[in-house]
Amino acid sequence: MMREQDTDGRAMLDPRRLGASARLVEQHGMSDVEVEEVIDLFAALRRWHRAAAAHSEASRRFMKLGENDMRAIRYVMSVGREGVVVTSTMIAAHLGISGPSVTKLLDRLERAGHIRREPHPTDRRALSIVVTDTTRTTASATVGSDHARRFAIAASMSHEERLAATKFLTAMADLPVLDHAAEPVGAAQH
């Protein structure tokens, strides 16, 4: 069922075209229809990756923020909404960056009017990080509206469909990252 023009990269997703994967198809006893369903699933996942990156980039570009800047703002908004006082140490841990790096990030966000540093309500040695009202409004209108549209799609699915999608995505995310340099040639792990 190969298409004339492979504009969506299906050929690269077809396990029958690759030696090791072709053996897996045979081992699982899959029909051509079943293999095409798997290819459709991976093609949809590939499209989602690209679309998610494009949505994220559009929001960052609109707000004139880098990726870590946007992640920091979302974190402060989300955790702050729960009543937690957010500190630079918490942001550094969330982003996986050093103290000096988070200081530079917060300096940049403060200069741009996205955050304020305020006295911590219980720790005189610490500062609390708060997103400005303007940035909160802008982020809600961009990232928030994108999230609402995605949520509406998930909400429209049946219970069984959500469970199946969650099972698939969780299993994909749980695959260990392989150190291909450490693997003997020809070793296959799955």
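Residues numbered from 1 in each chain as written. Predicted model: local features only at pLDDT ≥ 70, side-chain atom pairs only at ≥ 80, totals over all residues. Heavy atoms only, no water.

Chemist: Please provide a residue-by-residue account of the overall build of the protein, values included.
Modeler: Broken down by element type, the protein carries 8 helices and 2 strands. Going from N to C terminus, the protein has its helices and strands arranged as α-α-α-α-α-α-β-β-α-α. The 190 residues of the protein split such that 25% are buried. Of the roughly 13,400 Å² of accessible surface on the protein, a fraction of 57% belongs to carbon and sulfur atoms. (Helix = DSSP H or I, 4+ residues; strand = E, 2+ residues; numbered from the N terminus. Buried < 20%, exposed > 50% of the residue type's maximum accessible area, 1.4 Å probe, protein only. Areas by Shrake-Rupley, 256 points an atom, 1.4 Å probe, with all protein chains shown as cover.)

Chemist: Can you tell me about the side chain of Asp-146, naming the residues and giving the values?
Modeler: Of note, Asp-146 is situated in helix H7 (residues 133-156). For Asp-146, a relative accessible area of 13% translates into the label buried. Polar contacts involving the side chain of Asp-146 include one to the side chain of Arg-149, which spans 3.0 Å. Residues within four places of Asp-146 in sequence aside, it is in contact with His-55 and Ser-59. (Polar contact = N/O pair within 3.5 Å; in protein donor to acceptor, adjacent residues only side chain to side chain. Contact = heavy atoms within 4.5 Å.)

Chemist: Now, about the environment of Leu-65: what can you tell me, with residues and values included?
Modeler: For Leu-65, the position within the fold is in the loop between helix H3 (32-63) and helix H4 (67-81). Leu-65 sits in the buried class, given a relative accessible area of 9%.

Chemist: Residues and numbers for the packing of aromatic side chains, please.
Modeler: According to the stated counting rule, one finds 1 aromatic pair in the structure shown. Consider the rings of Phe-42 and Phe-168, whose centres lie 6.3 Å apart with planes at 55°: the pair is tilted. Highlighted residues: Phe-42 in helix H3 and Phe-168 in helix H8 (residues 159-174), separated in sequence by 126 residues. (Phe/Tyr/Trp six-rings, centres within 6.5 Å; stacked < 30°, edge-to-face > 60°.)

Chemist: I'd like a description of unusual backbone geometry, backed by residues and values.
Modeler: Positioned with a positive phi, Lys-64 is a non-glycine residue whose angle comes to about 55°. Among the structural elements, Lys-64 can be located in the loop between H3 and H4.

Chemist: Tell me about the nonpolar core, residues and numbers included.
Modeler: Counting residues in each nonpolar core, the largest one holds 22 residues, and the members touching the most others are Ile-91, Leu-106 and Leu-109. Of all elements in the fold, only H4, helix H5 (88-95), helix H6 (99-111), strand E2 (127-131) and H7 reach the threshold of two or more residues within this core. If you tally residues by element for this core, the top one is H4, at 7 residues. Sequence-distant contacts of Leu-109, that is, excluding residues within four places in its chain, are made with Leu-65, Asp-69, Ala-72, Ile-73, His-114 and Ile-115. (Core = buried A, V, L, I, M, F, W, Y, C linked by side-chain atoms within 4.5 Å.)

Chemist: Can you tell me about the pattern of salt bridges, naming the residues and giving the values?
Modeler: Applying the stated criterion to the full structure yields 8 salt bridges. A salt bridge links Asp-123 to Arg-125, with the shortest nitrogen-to-oxygen separation between them at 3.3 Å. Residue class for Arg-125 comes out exposed when judged on its relative accessible area of 78%. When salt bridges with common partners are traced through the structure, they connect Glu-57, Arg-60 and Arg-61 into a single cluster. (Salt bridge = Lys/Arg side-chain N within 4 Å of Asp/Glu carboxyl O.)

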